[in-house]
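Fold and geometry: a report
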Amino acid sequence: LSGTSAMELGLNCPVVGAAASYGPPASMPALSQILGRVARGLKEEDQEEDDPPFAFLVSVNVASLSFLYARIERCEFEANRRRQLRDLLPVLRFLFLPRECYHVQLEGLFSSPFVDEAEETVPCGSKCPFCRHEFGLPVKRAEVVRVLDFCFRRGSEEAREVVRFLYDCRDGVWPKQKGQRSPQLKDAERLVLQLVAAEIVEVEMVEMKKSGERPDGSASYSIHLHWALAPLLTPVPAAGGRRSARK
């Protein structure tokens, strides 16, 4: 069953086994509402062996983030655009820069402020990416800075090109370690999303002039990235990618 964001409040069914969102939810309350559609009213001790997994999945990549930023950019009023961008950043931080168990974070955000003595929330143990230690591959920070310095040497760069450039330089960005899998394109996507969430790089929406307008008459946009701070102006990174410079 697919639907729009109206399902955040419009679906109240105790047999919903899973929910999924393509792209990040627009705000933390929206994320919580989607999560709340799963197994409504079902207590953990009442679950049976053949029950569905009762999972909430969020699939985020640069393309889905670009779609959301473009939708925000098309808002008529600047105040609405600022509000939506302000609401989106905590979601990106929650998903890509977790500081503790996801369930503990949500309880802290949405627990009742009228309860005098709130019970201490215990980490879930293995039911969220944080508790399962799904943090992605470790990176070499100095090499990431050098690669991005070179990537942004002329200013902003299209987000998907930044992903591709990091992946091309993967031998330096993700040094090989014993027992560790080889880096994949999804690792470059994750790294770019983490950099956006940490506000190390900033998002810039560029209107695409060549493609013209969308069928509904609205403008098309491309998501570009650039340093949030002044570029470090380091030499060309010496990494084993397929290209050494952009033309």
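For every chain, the first residue of the written sequence is number 1, and numbering continues from 1 onward in sequence order. In keeping with the predicted nature of the model, local features appear solely for residues at pLDDT of at least 70, side-chain atom pairs appear and are counted solely at 80 or more, and the whole-chain, interface and lining totals rest on all residues. Calculation of side-chain values draws on the structure's entire complement of heavy atoms; hydrogens and water are dropped beforehand.

Details of empty space enclosed by the protein
Quick reminder of the rule: For cavity detection a 1 Å grid was placed over the protein atoms alone, and a set of points counts as a cavity when a 1.4 Å probe fits there but cannot get out; an open set counts as a pocket when protein lies on both sides within 12 Å along at least five of seven lines, with lining residues being those that have an atom within 4 Å of a point. Grid points are joined across faces, edges and corners, and a volume is the space filled by probe spheres set on the points. In DSSP terms, a helix is any run of H or I states spanning at least four residues, a strand is any run of E spanning at least two, and both are numbered starting from the N terminus. As a working rule, the residues Ala, Val, Leu, Ile, Met, Phe, Trp, Tyr, Cys and Pro are called nonpolar, Asp, Glu, Lys and Arg charged, and the rest polar, with Gly in that last group.
The full count for this structure, using the stated rule, is 1 cavity of 30 Å³ or more. Considering only enclosed or pocket space, the largest cavity measures out at about 40 Å³ in volume. Elements that contribute at least two residues to the lining of the largest cavity include exactly α3 (62-73), α9 (185-197) and β5 (221-227). Split into classes, the residues belonging to the lining of the largest cavity amount to 8 nonpolar, 1 polar and no charged.

Focus on the packing of α3 against helix α4 (residues 78-96)
Defined as follows: Lines fitted to the C-alpha atoms define the axes, with helices restricted to the stretch that makes contact. Angles between their N-to-C directions range from 0 to 180 degrees. Between 65 and 115 degrees an angle is taken as roughly perpendicular, under 35 as roughly parallel, over 145 as roughly antiparallel, and anywhere else as oblique. In this scheme the crossing of two helices becomes right-handed for a clockwise turn of the near helix relative to the far one and left-handed for an anticlockwise turn of less than a right angle. The contact criterion used throughout is that any non-hydrogen atoms of two residues lie within 4.5 Å.
Remark: α3 packs on α4, axes separated minimally by 9 Å, with the N-to-C direction vectors making an angle of 160°. Between α3 and α4, the crossing angle belongs to the class labelled roughly antiparallel. α3 and α4 meet at a crossing whose hand is right-handed. Counted together, L65, L68, Y69, I72 and E73 of α3 and R81, Q84, L85, L88 and L92 of α4 form the full contact between these two elements. Residues that form the contact of α3 with α4 fall into these classes: 7 nonpolar, 1 polar and 2 charged.

Digging into the pattern of salt bridges
Filter applied, for reference: Note on definitions: salt bridges are taken to be side-chain nitrogens of Lys or Arg within 4 Å of carboxyl oxygens of Asp or Glu. For each residue, the accessible area found with a 1.4 Å probe, counting protein chains only, is set against the maximum for its type, and the residue is called buried under 20%, exposed over 50%, and partly exposed in between.
Tallied over the entire structure, the rule returns 8 salt bridges. Taking the shortest distance from any N to any O, the salt bridge between R99 and E100 comes out at 3.9 Å. In this structure, the salt-bridge partner of R181 is D187, at a minimum N-O distance of 2.8 Å. Residue R181 is classed as partly exposed on the basis of its relative accessible area of 36%.

Concerning α9
Stated precisely, the cut-off is as follows: The length a helix should cover is 1.5 Å for every residue beyond the first.
Counted at 1.5 Å a residue, the expected span for α9 with its 13 residues is 18 Å, and the 19 Å between its end C-alpha atoms agrees. Residues of α9 that are buried include every one of D187, A188, E189, L191, V192, L193, L195, V196 and A197, and no others. Just downstream of α9, E199 is the residue with a positive phi angle, here 60°.

Some details on the nonpolar core
Side chains of nonpolar character tend, in soluble globular proteins, to be buried together. Note the threshold: In plain words, nonpolar cores are sets of buried Ala, Val, Leu, Ile, Met, Phe, Trp, Tyr and Cys residues tied together by side-chain atoms within 4.5 Å.
Counting 49 residues, the largest nonpolar core has Y69, L92, L148, F152, V162, L166 and V173 as the members making the most contacts within it. Ignoring anything within four residues of it in the chain, the contact list for V173 reads P138, V139, K140, E143, V144, V147, L166 and L191.

Some thoughts on α3
A rise of 1.5 Å per residue sets the reference length of α3, with its 12 residues, at 16 Å; its end C-alpha atoms lie 16 Å apart and thus fit the reference within 8%. Inspection of α3 places V62, S64, L65, S66, L68, Y69, A70 and I72 among the buried residues, and these make up the whole buried set.

Some words on the side chain of Q105
As for its position among the elements, Q105 is in helix α5 (residues 102-110). Beyond its immediate sequence surroundings of up to four residues, Q105 is in contact with F94, P98, R99 and E100.

Observations concerning the sheet that holds strand β4 (residues 201-207)
The criterion, for reference: At least two bridges found by DSSP between two strands is the condition for calling them paired.
Overall, antiparallel pairing links the 3 strands, which are arranged β3-β5-β4 in an open sheet. Each end of this open sheet is capped by a strand with a single partner; those strands are β3 (157-158) and β4. Direction of pairing for β3 relative to β5: antiparallel, over a ladder of 2 bridges. Paired with E158 across the two strands is H224, which belongs to β5.

Regarding the pairing of β5
Most of β5 sits inside the fold, with 5 of its 7 residues counted as buried. Sheet topology note: the β4/β5 ladder contains 7 bridges and is antiparallel. Bridged to E207 within β5 is Y221.

A closer look at the packing of aromatic side chains
Test applied: Ring pairs are drawn from Phe, Tyr and Trp, using the six-membered ring of Trp, whenever the two centres fall within 6.5 Å, and their geometry is named by plane angle: stacked under 30 degrees, edge-to-face over 60, tilted for the rest. We call a charge positioned over a ring when the NZ of a Lys or the CZ of an Arg lies within 6 Å of the ring centre and within 35 degrees of the ring normal.
According to the stated counting rule, one finds 4 aromatic pairs in the structure shown. Here F150 and F165 contribute two aromatic rings whose centre-to-centre distance is 5.6 Å and whose plane-to-plane angle is 35°, an arrangement assigned as tilted. Taken together, the residues span a long stretch of sequence, with F150 in helix α6 (residues 141-151) and F165 in helix α7 (residues 159-168) at a distance of 15 residues. With relative accessibility at 2%, the residue F165 sits in the buried group. Its end group placed over the ring of F150, R153 keeps NZ or CZ at 4.0 Å from the ring centre. Here R170 stacks its cationic end above the ring of Y167, 4.2 Å away from the centre of that ring.

Notes on the confidence of the model for the protein chain
As a reminder of what qualifies: The score called pLDDT rates the predictor's confidence residue by residue, from a low of 0 to a high of 100.
In this model, the protein chain carries an average pLDDT of 81, and 72% of its residues clear a pLDDT of 70 or more. Contacts for the low-pLDDT stretch residues 231-247, under 50 throughout, to residues beyond four places or in other chains number 40 contacts.

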